[in-house]
Every structure is written in C-alpha cells, then in structure tokens.
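The primary structure of each chain is shown beneath.
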Amino acid sequence: ITPYEIQGDLTRKAHQIRHERQVHFVARFNRPLARIERTSRGFVVRFPGDGVEHLLLMKISLSPVSGKNAVLNLERELPDSIWDFAAVRGAALEAWNKRLEKVELEGGSDDQKRFFYTAFYHTLFHPNVFTDVNGEYVGFDGQVHRAEGYVHYANYSGWDIYRTWIQWVAMLFPEETSDMIQSLV
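Before going further, it helps to examine the pattern of salt bridges. Counted by the stated rule, this structure contains 8 salt bridges. One salt bridge connects Arg28 with Glu5, and the closest N-O pair in it is separated by 2.5 Å. Placement of the pair is Arg28 in strand 2 (residues 20-29) and Glu5 in strand 1 (residues 5-13), with a sequence separation of 23 residues. Arg28 sits in the buried class, given a relative accessible area of 10%. Overall, Glu5 belongs to the buried group, its relative accessible area being 8%. Glu176 is the salt-bridge partner of Arg99, the closest N and O atoms lying 3.2 Å from each other.

The end-to-end C-alpha separation of helix 2 (residues 85-100) is 22 Å, in line with the 22 Å expected for 16 residues at 1.5 Å each. Measuring from the backbone nitrogen of Ala86 back to the side-chain oxygen at the start of helix 2 gives 3.1 Å, which picks out Asp84 as the cap.

Let us look at the packing of helix 3 (residues 110-123) against helix 4 (residues 165-172). Look at helix 3 against helix 4: their axes get within 11 Å of each other, and the N-to-C directions meet at 95°. Considered as vectors, helix 3 and helix 4 are oriented roughly perpendicular to each other. Facing Phe116, Phe120 and Thr123 of helix 3, the residues of helix 4 in contact are Trp165, Trp168 and Leu172.

Time to look at the packing of aromatic side chains. Evaluation of the coordinates by the stated rule reveals 7 aromatic pairs. Seen from their ring centres, Phe29 and Phe47 are 5.1 Å apart, and the 70° between their planes marks the pair as edge-to-face. Here Phe29, found in strand 2, pairs with Phe47, found in the loop between strand 4 (42-46) and strand 5 (58-63); they are 18 residues apart in sequence, far enough to count as distant. Look at Phe29 and you get buried, because its relative accessible area is 8%. Aromatic pair Phe116 and Phe120: ring centres 6.1 Å apart, planes at 45°, arrangement tilted. A residue pair is termed a helical-turn pair when its members lie 3 or 4 positions apart in one helix, as Phe116 and Phe120 do in helix 3 at 4 residues. For Phe120, a relative accessible area of 2% corresponds to the buried category.

Basis of the calculations
Every chain begins its residue count from 1, and numbering advances along the sequence as written. Only residues with pLDDT of at least 70 get local features here, since the model is predicted, and only at 80 or more are side-chain atom pairs given and counted; chain-wide, interface and lining totals rely on the full set of residues. Side-chain numbers come from the whole structure's heavy atoms, not from hydrogens or water. For this analysis, a salt bridge means a side-chain nitrogen from Lys or Arg found within 4 Å of a carboxyl oxygen belonging to Asp or Glu. Where helices and strands are cited, they refer to DSSP runs of H or I of at least four residues and of E of at least two residues respectively, numbered from the N terminus. Categorising residues by exposure relies on relative accessible area from a 1.4 Å probe, with only protein chains included: less than 20% of the type maximum marks a residue as buried, more than 50% marks it as exposed, and the intermediate range marks it as partly exposed. Expected helix span is taken as 1.5 Å per residue step, with the number of steps being one fewer than the number of residues. As used in this structure description, the phrase polar contact means that two N or O atoms lie within 3.5 Å; if the pair is within protein, one of them must be able to donate a hydrogen and the other to accept it, and residues adjacent in sequence are counted only when both atoms belong to side chains. To define axes, lines are fitted to C-alpha atoms, for helices over the stretch in contact only, and angles between the resulting N-to-C directions are given on a 0 to 180 degree scale. With respect to orientation, any angle under 35 degrees is reported as roughly parallel, any angle over 145 as roughly antiparallel, any angle of 65 to 115 as roughly perpendicular, and every other angle as oblique. Two residues qualify as a contact provided that any one of their heavy atoms is within 4.5 Å of a heavy atom in the partner residue. Two rings belonging to Phe, Tyr or Trp (six-membered ring only in the last case) form a pair when the distance between their centres is within 6.5 Å. Interplanar angles under 30 degrees mark stacking, angles over 60 mark edge-to-face geometry, and anything in between is tilted.

Shown next, in the form of structure tokens:
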C-alpha cells in the first residue's frame, strides 16, 4: 500500500447465493491521499489541498479471490503508465463497438436501430468474466480454483436463457460461449 492507494474487501450475501461472497479491491489515485475518515455511511477519502484545482483520477480493480489478485488485475489491465482517461474511454468504446458491429442492420429508422443496438448491448451485460488475470476464481464451494484453458464466467440469468439468448450469443461469440458452458460444468 502506498500514499496513492487504498486496498480492502467487502463481504456480503449476494442474491440467489446461499453463502457470503467476499470481493477484494484496490483503488489507485494520481494524487496522494491526505487521510481516510470513517463515517456512518462509509468512508471519506481526503486529498491535500493547495488552493489549486487538480484533476483527480482513480483506477479500481476487483478480485473475488484476494487483494493480491486485485492488484495483479489492475497492474495487467491498467498499468501505472496509463492515466489517460480519454484513451481508456476510447479503448472501451472501441471494444464495445467491435462486439456490436457483429450485427449490421439494413432498413429501419434511426430510432429502431438505436432500440435494437441498445437491446443487443443489454444482452451482453451478463454473464461476467469471473476469473482474475491469473485464471483464479472462487467456485460455489467457496474454494479457489484455476480455469485452465478457458475463461470462467458467473452471474447467469436464471430466466429462460436456453430459449433464445444462448443461441444468439453462441452464433455471434462462439469462443466466449464455449467458455460460458465450460464454466457451468
């Protein structure tokens, strides 16, 4: 931990899971922290003031496995050399557009196309990658496992995904769908 970083974890009982889940986090700032205060609603992070406005940037990473893995995830996905918000935002937009461009619509109004692509975007929210960058994840048995040769997914909808959603995703993203099915085994 440095003057630029906060690490911690949160334990809570998640919806539709019988046992508690722990999530570990690390948050890094581009400016050093002055102090952290506990309040009745959580924590307040204070930064030194010098009378000049400064742009405050934060990078945060999560891990279901450990604080060490949260740090590893952050360092691999957003190394300390990357503090360019516009570049990170641009990369995220490019990644989403690459996925959404799998379907090209012809005809229809702009509103109808916006409606379709919004719904398509929503179909890609879940399930989520649940492995850390080193392949570790916490199984439903509460133990740490390592995904070998696939990316582990979690947070599936429990409502009729077998009727149309899984076919839709399998047609557009076969590799990811294979990983999703492996995650259920």
